[in-house]
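An overview of the molecular structure
Single-letter residue listing:
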Amino acid sequence: MGALGLDLWGFIVQLIAFIIFVWLFWKFALGPITKVLDERQKNVRESLEAAERMKAEMAATAARNEEILAEARQQAGQIVAQAREASDATLARAREEAAKQSDLYLERAQATLRQETEQARQQLRQEVADLSVMAAEKIVRKNLDKAAQAALIEEALAQAGN
Amino acid sequence: MEIHISVKPEVLFQLGPIGVTNSMLTMFIMMALLIIVFGNIARKAKPVPSRGQGVFELIAEFLLDLVENTGGKKIGRQVFPLVGGIFIFIAFSNYTGILPGIGTIYLKSSPEAVHSTEGEGAPAEGDGHNSEATPAEGAAFQVASIDTTVSPATGAFAEEEHAEEHLPLFRPPNADINMTLAMAVLTFTMVQVAGIRAHGVGGRIKHLADPPFLFPIEVIGEFSRIISLSARLFGNVFAGEVLLGVIYAMVGAMKFAILPLFLPVVFIGLELLFGTIQALVFALLTLIYITLASASHHGDHDEEHDDAHHPATTGHATSGAAD
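Reading the values: the criteria
Residues numbered from 1 in each chain as written. Chains lettered and ligands numbered in written order. Predicted model: local features only at pLDDT ≥ 70, side-chain atom pairs only at ≥ 80, totals over all residues. Heavy atoms only, no water. Core = buried A, V, L, I, M, F, W, Y, C linked by side-chain atoms within 4.5 Å. Buried < 20%, exposed > 50% of the residue type's maximum accessible area, 1.4 Å probe, protein only. Helix = DSSP H or I, 4+ residues; strand = E, 2+ residues; numbered from the N terminus. Contact = heavy atoms within 4.5 Å. Buried area = accessible area lost by both parts, 1.4 Å probe. Salt bridge = Lys/Arg side-chain N within 4 Å of Asp/Glu carboxyl O. Polar contact = N/O pair within 3.5 Å; in protein donor to acceptor, adjacent residues only side chain to side chain. Nonpolar A, V, L, I, M, F, W, Y, C, P; charged D, E, K, R; others polar. Pairing = 2+ DSSP bridges.

**Quick word on the nonpolar core**
Core analysis: the biggest nonpolar cluster contains 68 residues, and F18(A), F21(A), F25(A), F56(B), I88(B) and F89(B) have the highest contact counts within it. Tallying contributions element by element places helix α2 (residues 51-96) of chain B first for this core, with 18 residues. Not counting residues within four places of it along the chain, the set of residues in contact with F21(A) comprises M31(B), L34(B), I35(B), G85(B) and F89(B). Within the second largest apolar cluster, six residues are counted, among which are L12(B), I102(B), L107(B) and L167(B).

What follows is the structure, encoded as structure tokens:
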């Protein structure tokens, strides 16, 4: 053993020195660096997770936007279609109404015309009869010659014509 | 240049009962440097790292991944201070071996000290070195003399008789069996503590005595880890020192060529690699021993008997054994 230089005191001193070295080195050098490494690892992991979360959130927002947009588009289309339908209906109804109204007016006018014509014809007939009676009376009363007779009829007719 | 490599660390001066060795001195300087430099980086740590912080974070993250993948989230975090401290201390201590000045700055000791010249037969004359009574008087610094006395023709190292003993001022801490043994004993203790904390004393013994007749072998196996851990690290670092010393001496002997100037570079690179590998092996084995000791009884039964079955251990254990 002596040939190798084994020495009890040397061994003890170096053992204690080494234990103290390991302790000090951990306390002042290796420990703090390990903490820094761990912290960095934690930071990186957290940042990555946050980024991942952000990405997911963004995707969700985009999807929601798309959805809302689609819905709005659909609603707009619906509204336009409804409006068109309503206007069409209104137009049709108005047209129908107008047609009906005009028909009604026309019918009424025609009825009035017919009535008046009938009335006029009746009146005319009456008057012609009256006139004929009047003319016959005159002829009978005066007894006039043929020429005077003719002139009288003529006159009566002219009167009737007015 | 004589190759001055001693298997045991040289005592620089006596402090009470404690002989302060050159490896101890280097160890204290290294520990202080590590705590100051890395502590300073950690103190100024910001969420957005500076360059120094980036380097430290690289090491810390590598170790953190290692312990969490091997020991699981809970046990891994608990052993992380020990495993991280072991890895960083061993790795940076091993790098001191390749620094210029470590092993080549000498203290001139008293002339009456027993001189020993260590050359190729280093292990043989470990006892010839008198360790207890070489207090460095008037610690005069002297850079190693470059008077190489190696005969280029034969490549044999002439043993020069110097009147005075040269004591290297610095020595890689892990080229000292006391240092590696201290760390191995600490690891062993922590393994037992972890085992007892996870299963209780009875549970720990039952863990080892399963089947009962293997209990003595398991106990021997536990204790043998102290020797295997310490001897592996010591052997590698010490051999690296010897290798570099020999290479430098050889390069010094080749006086005329340019190429030898670049030869040590290869070995310095290798030593850098070995230093890291040995640190990783020691830290990983510590981690695995603790993980196995504190693991639940079910499922890891086989792994407790034979580490080689563990998928994570096999590669590193064999690479460690190969060095």
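**Some remarks on the interface of chain B and chain A**
Across the boundary between the two partners, chain B contributes 45 residues, which contact 30 residues of chain A. Roughly 3,400 Å² of surface becomes buried between chain B and chain A when both sides are summed, with 78% attributable to carbon and sulfur atoms. Contact with chain A buries area across many residues of chain B, yet I35(B), P81(B) and N178(B) alone supply 16% of it, more than any other trio. Counting across the chain B and chain A interface gives two salt bridges. We note a salt bridge from R40(A) to E57(B), for which the minimum N-O separation is 2.8 Å. In this structure, the connection of chain B to chain A is made through five residue pairs in polar contact (both at pLDDT 80 or more). Only β2 (18-21), α1 (22-43), α2 and α3 (177-208) of chain B provide two or more residues apiece to the side of chain B that touches chain A. Per-element tally for the side of chain B that touches chain A: the top contributor is α2(B), with 15 residues. Across the side of chain B that touches chain A, the residue classes break down as 31 nonpolar, seven polar and seven charged.

**Digging into the pairing of β2(B)**
For a regular strand, side-chain orientation follows a simple rule: the groups alternate between the two sheet faces. Residue and element names in this part refer to chain B. Residues I18 and V20 of β2 are buried on one face, and the alternating residues G19 and T21, pointing to the opposite face, are buried as well. Looking at chain direction, strand β1 (residues 11-15) and β2 are connected through four bridges and run antiparallel. Paired with L15 across the two strands is I18, which belongs to β2. Counting the residues between successive antiparallel strands, the hairpin from β1 to β2 contains two residues, one of them, G16, with a positive phi of roughly 65 degrees.

Read these as layout, nothing more, since geometry by itself doesn't imply function.
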